[in-house]
Amino acid sequence: MKRNFYILVMLIGILFIPQSSYAQVDFNKRPDDDLGNVEDEFQEHFFEALKQKGIENYDRAVVALQKCLNLNSKLPVIYFELGKNYNKLKNFGAAEDALKKAIDMQPDNVWFLDELYDVYYQQDDIKNALKTIKQLVKYHPDYKEDLAALYVREEKYKQALSILDELDAEYGLSESRDAMRNDIYSITGNADDRIDNLKQRIANSPNNEDNHLKLIYRYSQTRDFKNAYKAATNLLKIKPDSKFVHLALYKFYLQDDKVKEAINSVKIVLTSPEINANAKAKVLKDFVAFVAKNPEYETDLIDITSLVDENKDAQTHHDLGQYYLKAGDKVKALSNFKEALKQNPNDYKLIKDVLLLQIDIKDYNSALTESERALTLYPAQPLLYLVNGVAHNNLGHPQKAIDNLEMGLDFLVDSPNMEADFYSELSLAYKALNNISKSETFAKKAKALKAQL
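This structure is a prediction, so every number in the text was calculated from the model and none was measured. (Residues numbered from 1 in each chain as written. Predicted model: local features only at pLDDT ≥ 70, side-chain atom pairs only at ≥ 80, totals over all residues. Heavy atoms only, no water.)

**Student:** In this structure, what is going on with the overall build of the protein chain? I would like to understand it.
**Tutor:** Per the secondary structure count, the protein chain includes 26 helices and zero strands. Here the C-alpha radius of gyration of the protein chain, 37 Å, is well above what a compact globule of 453 residues would show, namely 22 Å. On the principal axes, the C-alpha backbone points of the protein chain span a range of 120 × 60 × 40 Å. Within the protein chain, the proportion of its 453 residues that are buried is 43%. Contacts in the protein chain between residues at least 24 apart in sequence constitute 48% of all its contacts with a sequence separation of at least 6. In the structure as shown, the protein chain presents an accessible area of about 24,800 Å², 50% of it carried by carbon and sulfur atoms. (Helix = DSSP H or I, 4+ residues; strand = E, 2+ residues; numbered from the N terminus. Rg over C-alpha atoms; globule rule 2.2 N^0.38 Å. Buried < 20%, exposed > 50% of the residue type's maximum accessible area, 1.4 Å probe, protein only. Contact = heavy atoms within 4.5 Å. Areas by Shrake-Rupley, 256 points an atom, 1.4 Å probe, with all protein chains shown as cover.)

In structure tokens form, the structure reads like this:
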């Protein structure tokens, strides 16, 4: 609503209402009858009402205003103030009655109409809110946007769009109106109208890159990839230096097997400072997935990732780690997982990925250090105790391995595979301590569990 804008000068308006607005009382004339100084008494109650409203004592403000009415019931401003205070008290019936009296005295007073509109709006009385705001629009066109919003709530979408078109034509585009327009298109499911509107905007302002990008997105959203591609290439012709268009083009190039062009678009995206990190990460993730299916382009992937070595986020490093893991390059996979872990040191999944690869490539010292750090974060995760035990066993610390493995077993629930691994490591640890009896006992337990799997 626009009411806050107009309320800014309300108090000044109240205190300096032209005398013609309330010709019944001349505040410059002091009464000389035997009733005493009515003017002073009136002003005292009125300013008391303003003071009480200012400190949010709305009940007391109403009492003071009622005293004003007893002295003079023909001033619209008193009914207006009563309406505002009743509105604050959520006494909407009394607020409506008071404001209607004020409006009867001054039908074209915007302040009075605006407050009445707020009374109806708070009650979700859309019918009366519409009626009131239509009166307001006559005096202040800014209220048209509120009128459009009410039409949306009444599901009168054509009327709402018509008003938005009028406002766009008169004042230019705005984010708030565009948001309302898109809500309408989404509610009605009318993708054609949305696209036609964007095409018209492009016709009116062909150099506006944002409208071209929105059109590409909307075509893609409706899976009309042919027209989306056409819109993207059209934007590239109009703005050859556009960076954002490549967020769409690289996908179309990959789909059309134009790998060289796709790689060029990916490089443009990843080296453009105006494109945010999330968008870059998504593009890189898509290209990693493409190279996973087409390993002959791995050299290009290496070149591309080198462009963003300093800017890759945790998700990008994780995706690259998964790619190298599938490709069988465990060292590169581990390197990327570790970089991701530096950015998110408490991410349990990353901790797990790093630890398992460290054990896999026999980097037991690193596995020991990382598992001990992880146990301070997740002391109830049995896998961490298992990894710690494996590292200690391979570093020649069998007793430490036993201590950690037995502790980890206390946290193990319904995981026969991991339980068998615990028993196997315990068997190795006791064997290293020359306790053959216990070693064989745990070896048999591990064998029995594996036989059941």
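**Student:** Would you mind going over the layout of surface pockets with me for this structure?
**Tutor:** Gaps left between atoms are located by rolling a probe of water-molecule size over the structure's atoms. One number sums up the size of the largest pocket: a volume of about 450 Å³. The wall of the largest pocket is formed by 16 residues, among which Y217, S220, L247, A248 and K251 lie closest to the centre. Here the lining of the largest pocket gets six residues from one element, more than from any other, and that element is helix α15 (residues 246-255). Residue composition of the lining of the largest pocket, by class: eleven nonpolar, three polar and two charged. (1 Å grid on protein atoms, 1.4 Å probe; cavity = no way out; pocket = protein on both sides within 12 Å on 5 of 7 lines; lining within 4 Å. Points joined across faces, edges and corners; volume = space filled by probe spheres on them. Nonpolar A, V, L, I, M, F, W, Y, C, P; charged D, E, K, R; others polar.)

**Student:** Can you help me understand the packing of aromatic side chains in this one?
**Tutor:** On inspection of all chains with the given rule, the structure shows twelve aromatic pairs. Here Y117 and Y121 contribute two aromatic rings whose centre-to-centre distance is 5.9 Å and whose plane-to-plane angle is 65°, an arrangement assigned as edge-to-face. Taken together, the positions of Y117 and Y121, both in helix α7 (residues 110-122) and four residues apart, correspond to about one turn of that helix. Ring centres of Y348 and Y378 lie 5.3 Å apart, and the angle between their planes is 70°; on these two criteria the pair is classed as edge-to-face. Pair noted here: Y348 is in helix α21 (residues 348-360) and Y378 is in the loop between α22 (364-377) and α23 (382-394), with a separation of 30 residues, a long-range link. The class of Y348 is partly exposed, set by a relative accessible area of 21%. Relative accessible area serves as the criterion here: at 25%, Y378 is assigned to the partly exposed category. (Phe/Tyr/Trp six-rings, centres within 6.5 Å; stacked < 30°, edge-to-face > 60°.)

**Student:** How should I be thinking about the packing of helix α5 (residues 76-88) against α7 in this particular structure?
**Tutor:** How two helices sit against one another is set out by the angle between their axes and by the gap between those axes. With their axes 10 Å apart at the nearest point, α5 and α7 run at an angle of 25° to one another. Taken together, α5 and α7 sit at an angle that is classed as roughly parallel. The hand of the α5/α7 crossing is left-handed. Where α5 abuts α7, its residues P76, V77, F80, K84 and N87 lie against W111, F112, E115, D118, V119 and Q122. Tallied by class, the residues present in the contact of α5 with α7 amount to six nonpolar, two polar and three charged. (Axes fitted to C-alpha atoms, helices over the stretch in contact; angles between N-to-C directions. Parallel < 35°, antiparallel > 145°, perpendicular 65-115°, else oblique. Left-handed = near helix turned anticlockwise from the far one by under 90°.)

**Student:** What's the story with the packing of helix α17 (residues 277-293) against helix α19 (residues 314-326) in this structure? I'm lost.
**Tutor:** Remark: α17 packs on α19, axes separated minimally by 10 Å, with the N-to-C direction vectors making an angle of 5°. In terms of axis orientation, α17 runs roughly parallel to α19. Contacts between α17 and α19 involve A281, L284, K285, V288, V291 and A292 on the former and, on the latter, T316, D319, L320 and Y323. Each residue belonging to the contact of α17 with α19 can be placed in one class, and the counts come to seven nonpolar, one polar and two charged.

**Student:** What is the right way to look at the side chain of E209 in this model?
**Tutor:** Inspection of the secondary structure puts E209 in helix α13 (residues 209-221). On the basis of relative accessible area, E209 is assigned to the buried category, the value being 16%. A polar side-chain atom of E209 sits 2.5 Å from a polar atom in the side chain of S242. When neighbours within four sequence positions are excluded, E209 is seen to be in contact with L235, K239, S242, K243 and F244. (Polar contact = N/O pair within 3.5 Å; in protein donor to acceptor, adjacent residues only side chain to side chain.)

**Student:** Hey, could you run me through unusual backbone geometry in this one?
**Tutor:** Among all residues except glycine, the phi angle is most often negative; among peptide bonds, the trans geometry is most common. Backbone geometry places E155, a non-glycine residue, at a positive phi of 65°. Relative to the assigned elements, E155 resides in the loop between α9 (144-153) and α10 (157-171). The phi dihedral of D414 is positive, around 50°, even though this residue is not glycine. Position of D414 relative to the elements: it lies in the loop between α24 (398-409) and α25 (416-432). Accessibility expressed as a relative area gives 77% for D414, which makes it exposed.

**Student:** Just to check I follow, could you spell out the pattern of salt bridges for this structure?
**Tutor:** Where charged atoms of side chains with opposite charge meet at close range, the side chains can pair. Summed over all chains, the structure comprises 16 salt bridges. Note that E145 is salt-bridged to R177, the shortest N-O span being 3.6 Å. In this pair, E145 is assigned in helix α9 and R177 in helix α11 (residues 175-188), connecting sequence segments 32 residues apart. The same class applies to E145 and to R177, which are both buried. Each of D178, R201, D210 and K214 takes part in one network of salt bridges that share partners. (Salt bridge = Lys/Arg side-chain N within 4 Å of Asp/Glu carboxyl O.)

In short, geometric facts, not functional conclusions.
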